[in-house]
Amino acid sequence: GMTTEQSARLVAQMTPDERADVLDEVNEDVADDILEAIPEEMRRETERLLEHEPDTAGGLMTTHVVSVLDSDTVELALAQVRTTARAGRREAMNVIYAVNATGMVSGVMSLRELLAAPEGSRVHDIAWTDVRTVLVSADREEVARLTTEYDLVAVPVVDEQGRLLGMVTVDDVIDAIQEEQTEDVQKL
């Protein structure tokens, strides 16, 4: 019963993954109208997410990811994280991914690890290099398995070249598992 403008204002307040989920559930014409009414950057980001099947890592992921160059100093990385936090656009600030110059995931660290790092050190010196990633095309069961097996709060989603595209947070994994179980029960 909302107007397109009201729906667009509401949808614009959501995280990218929530926005894509909502638009995936409504009539295609209505979704197109809402997409046209939201800011261009949000529209492009949402359209990229809608390209992925909902039950894949790409369909579950958010593009609000905190990443820093692995060659940066800790001070520069902290400045970037502060800027990101102040922009209010990141869903999970506690996980920071290190990427190389081509955008490939090379490490992961917590915000605490970054804050506690010795001055002058480089991100690649403090980031954990044993990073578990999933391909954007991986199904939700694979994402859930990885999250459970390695006790992860988030899983980075990468393309075939290992470039960071987004991440799936544990709350989205739980939602996906519940949805899967509901579908299984309804089939009985």
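These notes cover the structure that comes with them. (Residues numbered from 1 in each chain as written. Predicted model: local features only at pLDDT ≥ 70, side-chain atom pairs only at ≥ 80, totals over all residues. Heavy atoms only, no water.)

**As for the layout of surface pockets**
The rolling of a water-molecule-sized probe over the atoms marks out the regions of remaining empty space.
Part 1 of the argument: Roughly 400 Å³ of volume is contained in the largest pocket.
Part 2 of the argument: Contributing to the lining of the largest pocket are 21 residues, with Asp21, Pro54, Gly59, Leu60 and Glu179 lying nearest its centre.
Part 3 of the argument: Counting only elements with at least two residues in the lining of the largest pocket, the list comes to α2 (16–25), α4 (40–50), α5 (57–60) and α10 (170–187).
Part 4 of the argument: Top contributing element to the lining of the largest pocket by residue count: α2, with six residues.
Part 5 of the argument: Residues of the lining of the largest pocket, tallied by class, amount to six nonpolar, two polar and 13 charged. (1 Å grid on protein atoms, 1.4 Å probe; cavity = no way out; pocket = protein on both sides within 12 Å on 5 of 7 lines; lining within 4 Å. Points joined across faces, edges and corners; volume = space filled by probe spheres on them. Helix = DSSP H or I, 4+ residues; strand = E, 2+ residues; numbered from the N terminus. Nonpolar A, V, L, I, M, F, W, Y, C, P; charged D, E, K, R; others polar.)

**Overview of the pairing of strand β1 (residues 66–69)**
Part 1 of the argument: Residues of β1 alternate between two faces, with Val66 and Val68 buried on one and Ser67 and Leu69 left unburied on the opposite face.
Part 2 of the argument: As paired strands, β1 and strand β2 (residues 95–99) are joined by four bridges and run parallel to one another. Bridge assignment links Leu69 to a residue of β2, and that residue is Val99. (Buried < 20%, exposed > 50% of the residue type's maximum accessible area, 1.4 Å probe, protein only. Pairing = 2+ DSSP bridges.)

**Some thoughts on the pattern of salt bridges**
Part 1 of the argument: Here the structure, examined in full by the defined rule, presents six salt bridges.
Part 2 of the argument: Note that Asp130 and Arg132 form a salt bridge whose closest N and O atoms lie 3.6 Å from each other.
Part 3 of the argument: Since its relative accessible area comes to 56%, Asp130 is described here as exposed.
Part 4 of the argument: Arg132 gets classed as partly exposed once you look at its relative accessible area, which sits at 32%.
Part 5 of the argument: Note that Asp159 is salt-bridged to Arg163, the shortest N-O span being 2.8 Å.
Part 6 of the argument: Look at Asp159 and you get buried, because its relative accessible area is 9%.
Part 7 of the argument: Within this structure, Glu142, Arg145 and Glu149 form a network of salt bridges that share partners. (Salt bridge = Lys/Arg side-chain N within 4 Å of Asp/Glu carboxyl O.)

**Considering helix α9 (residues 140–150)**
Part 1 of the argument: Listing the buried residues of α9 in full gives Arg140, Val143, Ala144, Leu146 and Thr147. One side of α9 holds all its buried residues, which, seen down the axis, span an arc of 165°.
Part 2 of the argument: In the segment just after α9, Asp151 is the residue with positive phi, at about 55°. (Arc of directions from axis to C-beta.)

**Brief notes about the environment of Arg145**
Part 1 of the argument: Along the polypeptide, Arg145 turns up in helix α9.
Part 2 of the argument: Considering only alpha carbons, one finds Arg145 and Val173, 28 residues apart in sequence, at a separation of 9.4 Å.
Part 3 of the argument: Within the structure, Arg145 has its side chain in polar contact with the side chain of Glu142 (distance 2.8 Å). (Polar contact = N/O pair within 3.5 Å; in protein donor to acceptor, adjacent residues only side chain to side chain.)

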